[in-house]
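Residue-level structural notes
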Amino acid sequence: MEVKTHYPKHPLLRKYIEYYYFLKTGSADFRSSYYAFPHMLHSLNIHRDVTCEIDVDSIIVRGGSANKHLMVLQGRYDRPLRIELSGILDKITIAFKPLGLNPFISRPFSEVARDTSQVFTDWSDDIGCKAFLDAFYSTGAEDERIDILETYLLSRYRPLEGEDLLLRALAMLTDFDSEHSIPFIAEHISMTPRSFHRFFHKNLGLPPANFRKIARFRHAMQNRMFSSRFRSLTEIGYKSNFSDQSYFIRIYKEMTGDNPRKLFSSIDKLADDHVIFKFIKDLQ
């Protein structure tokens with residue numbers, strides 16, 4: 001399965017979006033099934049002519065439907081997510097940073113993304129959304145599509161209240177050298193722990209402690225996949241501030257279904273190495 005990666009052009013959007021990737025298939029016989037793992041990013045997938053079945057831990061997307069446009073948002077999850085794709089597909093995935101989608105939606109993130117995955121409807125009442133989708137799919141040129149997408153996103157942009165406080169909290173939650181406590185982080189941004197918990201959950205869809213657990217997992221995965229400095233799994237776990245080796249292994253089993261050693265021997269990197277999947281089968 002081949003995906004093509006692009007990066008935001010507009011400087012404002014680079015603040016909120018990590019990357020885009022396109023997936024196109026040319027055959028009704030295309031089949032691919034894989035596991036995606038918990039991530040600090042969240043993905044908005046814009047499809048054309050598909051049907052979609054969503055369960056707690058799986059998404060099935062089939063091409064060849066009369067549904068003209070369909071958007072699927074992956075919220076927060078802490079278990080492997082099985083994704084099955086089939087048929088003729090034409091989609092773009094927008095990989096938003098942890099707070100990235102918030103300035104482009106009309107409701108809090110926790111309301112828009114209540115589930116692991118859901119059909120995204122927040123833009124449905126926007127009179128410009130249909131025109132954007134029609135224009136987007138009227139051209140096959142990916143560069144032109146990105147221009148059309150970014151024009152629409154900029155039209156939706158509204159500053160997020162409390163963004164600076166949340167960014168400070170995120171920086172502290174992902175500082176694995178210091179490992180600040182949640183009460184300390186709350187005090188640092190002038191909130192009580194309870195108020196901080198509510199504020200964080202409203203805007204990120206999960207409690208601060210759960211976010212840090214996912215961030216620590218991804219940090220360890222990045223160190224193993226992309227750094228030559230670490231020689232052992234013990235060293236990788238230590239660098240990501242896992243308290244001990246057994247806890248490190250338990251978290252990996254929880255989030256991927258495998259122990260770290262088995263996982264790292266079976267995963268694939270796509271989209272300029274941004275996307276890490278474990279393929280179940282790939283019959284393209």
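Our structure's up above, just so we're on the same page.
In what follows, the accompanying structure is described. (Residues numbered from 1 in each chain as written. Predicted model: local features only at pLDDT ≥ 70, side-chain atom pairs only at ≥ 80, totals over all residues. Heavy atoms only, no water.)

On to the pattern of salt bridges, then. Throughout the structure, instances matching the rule amount to 17 salt bridges. Across the pair Asp134 and Lys68 runs a salt bridge whose closest N-O atoms are separated by 3.4 Å. Placement of the pair is Asp134 in helix H3 (residues 127–136) and Lys68 in the loop between strand S6 (58–63) and strand S7 (69–74), with a sequence separation of 66 residues. Overall, Lys68 belongs to the partly exposed group, its relative accessible area being 49%. Taking the shortest distance from any N to any O, the salt bridge between Asp78 and Arg79 comes out at 3.4 Å. The class for Arg79 is partly exposed, based on a relative accessible area of 43%. (Salt bridge = Lys/Arg side-chain N within 4 Å of Asp/Glu carboxyl O. Helix = DSSP H or I, 4+ residues; strand = E, 2+ residues; numbered from the N terminus. Buried < 20%, exposed > 50% of the residue type's maximum accessible area, 1.4 Å probe, protein only.)

With that out of the way, let us pick up the nonpolar core. Judged by nonpolar contacts, the single largest core of 30 residues is most densely connected at Tyr20, Phe120 and Trp123. Elements with a contribution of two residues or more to this core: strand S2 (17–24), strand S4 (42–48), S7, strand S9 (90–96), helix H2 (109–112), H3 and helix H4 (142–156). If near-sequence neighbours (up to four positions away) are discounted, Phe120 is found in contact with Leu44, Met71, Val72, Leu73, Leu101, Ile105 and Val112. Listed in part, the 26 residues of the second largest apolar core include Leu160, Ala186, Ile189 and Ala215. (Core = buried A, V, L, I, M, F, W, Y, C linked by side-chain atoms within 4.5 Å. Contact = heavy atoms within 4.5 Å.)

This next bit is on the sheet that holds strand S10 (residues 117–119). Taken together, the six strands give an open sheet; going across it, the order is S1-S2-S9-S4-S7-S10, and neighbouring strands pair in antiparallel fashion. Only two strands of the sheet have a single neighbouring strand rather than two, namely strand S1 (4–6) and S10. Shown here is a sheet whose adjacent strand axes are inclined to one another by a mean of 20°, direction ignored. Relative to S9, S4 runs antiparallel, the two sharing six bridges. Paired with Asn45 across the bridge in S9 is Thr93. (Pairing = 2+ DSSP bridges. Axes fitted to C-alpha atoms, helices over the stretch in contact; angles between N-to-C directions.)

Before going further, it helps to spend a moment on H4. The periodicity of an α-helix, 3.6 residues per turn, causes residues three or four places apart in sequence to face the same way. Over its 15 residues, H4 extends 21 Å from the first C-alpha to the last, a length consistent with the 21 Å expected when each residue adds 1.5 Å. Where H4 is concerned, the buried positions are Glu142, Arg145, Ile146, Leu149, Glu150, Tyr152, Leu153 and Arg156. Looking down the long axis of H4, one finds its buried residues gathered within 165° of arc, a one-sided arrangement. Packed against the buried residues of H4 are S1, helix H1 (11–14), S2, S4, S9 and H3. (Expected span 1.5 Å × (residues − 1). Arc of directions from axis to C-beta.)

All right, on to unusual backbone geometry then. One non-glycine residue, Asp49, lies in positive phi territory at about 60°. In this fold, Asp49 is placed in the loop between S4 and strand S5 (50–55). Judged by relative accessible area, Asp49 falls into the partly exposed class, the value being 29%. One non-glycine residue, Ser190, adopts positive backbone phi at about 60°. Among the secondary structure elements, Ser190 is positioned in the loop between helix H6 (182–188) and helix H7 (193–204).

Before going further, it helps to spend a moment on the packing of helix H5 (residues 163–173) against H7. The interhelical angle for the contact between H5 and H7, taken along N-to-C directions, is 95°, at an axis separation of 11 Å. Compared by their axis directions, H5 and H7 come out roughly perpendicular. Taking contact as the criterion, the partners of Leu165, Leu166, Ala169, Leu170 and Leu173 in H5 are, on H7, Phe196, Phe199, Phe200, Asn203 and Leu204. Split into classes, the residues belonging to the contact of H5 with H7 amount to nine nonpolar, one polar and no charged. (Parallel < 35°, antiparallel > 145°, perpendicular 65-115°, else oblique. Nonpolar A, V, L, I, M, F, W, Y, C, P; charged D, E, K, R; others polar.)

Right, let's get into the packing of aromatic side chains. Applying the stated criterion to the full structure yields 12 aromatic pairs. With a centroid separation of 5.7 Å and an interplanar angle of 90°, the aromatic rings of Tyr16 and Phe104 are classed as edge-to-face. Pair noted here: Tyr16 is in the loop between H1 and S2 and Phe104 is in the loop between S9 and H2, with a separation of 88 residues, a long-range link. Here Tyr16 and Phe104 have matching classes, each one buried. Ring centres of Phe120 and Trp123 lie 5.0 Å apart, and the angle between their planes is 90°; on these two criteria the pair is classed as edge-to-face. For the residue pair Phe120 and Trp123, the accessibility class agrees, reading buried in each case. Ring pairs connect the aromatic residues Phe120, Trp123, Phe132, Phe136, Tyr137 and Tyr152, which therefore count as one cluster. (Phe/Tyr/Trp six-rings, centres within 6.5 Å; stacked < 30°, edge-to-face > 60°.)

Bringing H3 into the picture now. For H3, every residue scored as buried is listed here: Cys129, Phe132, Leu133 and Phe136. Down the axis, H3 shows its buried residues gathered within 95° of arc, on one side only. Away from its buried face, by an angle of more than 90 degrees, H3 presents the exposed residues Ile127 and Lys130. Residues of H3 that are buried make contact with S2, S4, S7, S9 and H4. Where H3 begins, one side-chain oxygen reaches toward the backbone nitrogen of Gly128, 2.9 Å away; that side chain belongs to Asp126. (Polar contact = N/O pair within 3.5 Å; in protein donor to acceptor, adjacent residues only side chain to side chain.)

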